[in-house]
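Residue-level structural notes
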Amino acid sequence: MAERLLAQHFRITPDFGGFDLYDGDCDAGDPEVAETAWSDVAAGNGYEIAIHCAGTMDVDLTIEAWDTAPDSDLTSWEGHRLLALECPTGTLVISKRTMGATVLELPGPGNYAVRVMYQGWQQMNEAMSVFPISAERAQELAGERYVVQFWPSSQ
């Protein structure tokens, strides 16, 4: 059975449509990754992961690290993506693009399998199509929620 080694919760303000995850020693900003994330919600190239948020309001983000692939009930999520991330230092950067970054120490350096699960994206995307959103409508929206799980890759 998989053991969760880390769980950290964040409130992220999306900038330029989202946020990015990458190792502290890796460069990020590949336009192809960001472009793919616009249609797939999350995308990666092995060195960075871009997550496209549907709205402009703060989102909930949970980062989890596991010793092996966790069992997850994916039916309770709106969607999910399975990606990979090389993390040679073990320092994960959560970049809000031009609005700053937060760092988090993963259990160690290495290659990780990464599962991005999300909820509330479609509802927010539909609401944003009639922008601006009234204050009343904003209160009704549950908001977007992301859980990103890391575990050592078998590659």
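As a starting point, this report considers the structure included with it. Along each chain, the written sequence defines residue order, and numbers are assigned to residues from 1. Residues qualify for local features only when their pLDDT is at least 70, as the model is predicted, and side-chain atom pairs are given and counted only at 80 or more; totals for whole chains, interfaces and linings, by contrast, use all residues. The side-chain numbers reported here are obtained from all heavy atoms of the structure, hydrogens and water having been left aside.

Quick look at the sheet that holds strand 8 (residues 101-105) now. Whether two strands pair depends on DSSP finding at least two bridges between them. Numbering of helices and strands runs from the N terminus, with a helix taken as a DSSP run of H or I at least four residues long and a strand as a DSSP run of E at least two residues long. One open sheet holds the five strands; their spatial order is 3-4-2-7-8, and the pairing between them is antiparallel. On the outer flanks of this sheet lie strand 3 (42-44) and strand 8, each paired with one strand and no other. Adjacent strand axes in the sheet meet at a mean angle of 20°, parallel and antiparallel pairs treated alike. One ladder, built from five bridges, connects strand 7 (residues 91-95) with strand 8; its direction is antiparallel. Among the inter-strand pairings, Leu92 is bridged to a residue of strand 8, identified as Leu104. Fitted lines through C-alpha atoms give the axes, limited to the stretch in contact for helices. The angle between two N-to-C directions lies from 0 to 180 degrees.

This part covers the packing of aromatic side chains. Aromatic ring pairs are reported here in terms of the distance separating the ring centres and the angle at which the planes meet. Pairing of aromatic side chains requires ring centres within 6.5 Å, counting the rings of Phe and Tyr and the six-membered ring of Trp. Pairs whose planes differ by under 30 degrees are stacked, by over 60 edge-to-face, and all others tilted. Using the criterion set out here, one finds three aromatic pairs in the structure. Both rings, one in Phe19 and one in Tyr146, keep their centres 5.9 Å apart while their planes meet at 85°; by these two values the pair is edge-to-face. In this pair, Phe19 is assigned in strand 2 (residues 18-23) and Tyr146 in strand 10 (residues 145-152), connecting sequence segments 127 residues apart. With a 1.4 Å probe rolled over the protein chains alone, any residue whose accessible area is under 20% of its type maximum counts as buried; one over 50% counts as exposed, and the rest are partly exposed. When its relative accessible area of 0% is taken as the criterion, Tyr146 is described as buried. Summarising the aromatic geometry, the rings of Tyr112 and Phe150 are spaced 5.9 Å apart at their centres and angled 80° between planes, so their arrangement reads as edge-to-face. One end of the pair, Tyr112, is in strand 9 (residues 110-119); the other, Phe150, is in strand 10, and 38 residues separate them in sequence. The class of Tyr112 is buried, set by a relative accessible area of 6%. Site record: aromatic cluster; members linked through ring pairs are Phe19, Tyr118 and Tyr146.

Within this scheme, the nonpolar core is defined by two criteria: the residues are buried Ala, Val, Leu, Ile, Met, Phe, Trp, Tyr or Cys, and they are joined through side-chain atoms within 4.5 Å. Counting 34 residues, the largest nonpolar core has Phe19, Leu21, Ile63, Tyr146 and Phe150 as the members making the most contacts within it. Note on definitions: a residue-residue contact is assigned when non-hydrogen atoms from the two residues lie within 4.5 Å. Discounting chain neighbours no more than four positions away, the residues touching Phe150 are Leu21, Ile63, Glu64, Ala65, Trp66, Leu85, Leu92, Leu106, Tyr112, Ala113 and Val114.

Here we come to the pairing of strand 4 (residues 48-52). Within strand 4, five of the five residues are buried, which leaves it mostly tucked inside the rest of the structure. Because side chains alternate across strand 4, one face comprises the buried residues Glu48, Ala50 and His52, and the other comprises Ile49 and Ile51, equally buried. Here strand 2 pairs with strand 4 via five bridges, running antiparallel. Of the residues in strand 4, the one forming a bridge with Gly18 is His52. Summarising the sheet, strand 3 and strand 4 pair through three bridges and their orientation is antiparallel. Paired with Gly44 across the two strands is Ile49, which belongs to strand 4. In this structure, the hairpin formed by strand 3 and strand 4 is closed by a connection of three residues, where Gly46 is found at a positive phi of approximately 95°.

Moving on, we come to the sheet that holds strand 9. On the basis of which strands lie adjacent, the open sheet formed by five strands has the order 1-5-10-9-6 and mixed pairing. A single partner strand is all that each edge strand has here, and the edge strands are strand 1 (4-12) and strand 6 (79-87). When strand polarity is set aside, the average angle formed by the axes of neighbouring strands in this sheet is 20°. The sheet contact formed by strand 9 and strand 10 spans eight bridges and is antiparallel. Within strand 10, the residue paired with Tyr112 across the bridge is Pro152.

Turning next to unusual backbone geometry. A positive phi angle is found at Val41, which is not glycine, with a value near 70°. Structurally, the position occupied by Val41 is in the loop between helix 1 (31-40) and strand 3. Phi angles above zero are rare outside glycine, and Arg97 is one such case at about 60°. By the secondary structure assignment, Arg97 is in the loop between strand 7 and strand 8.

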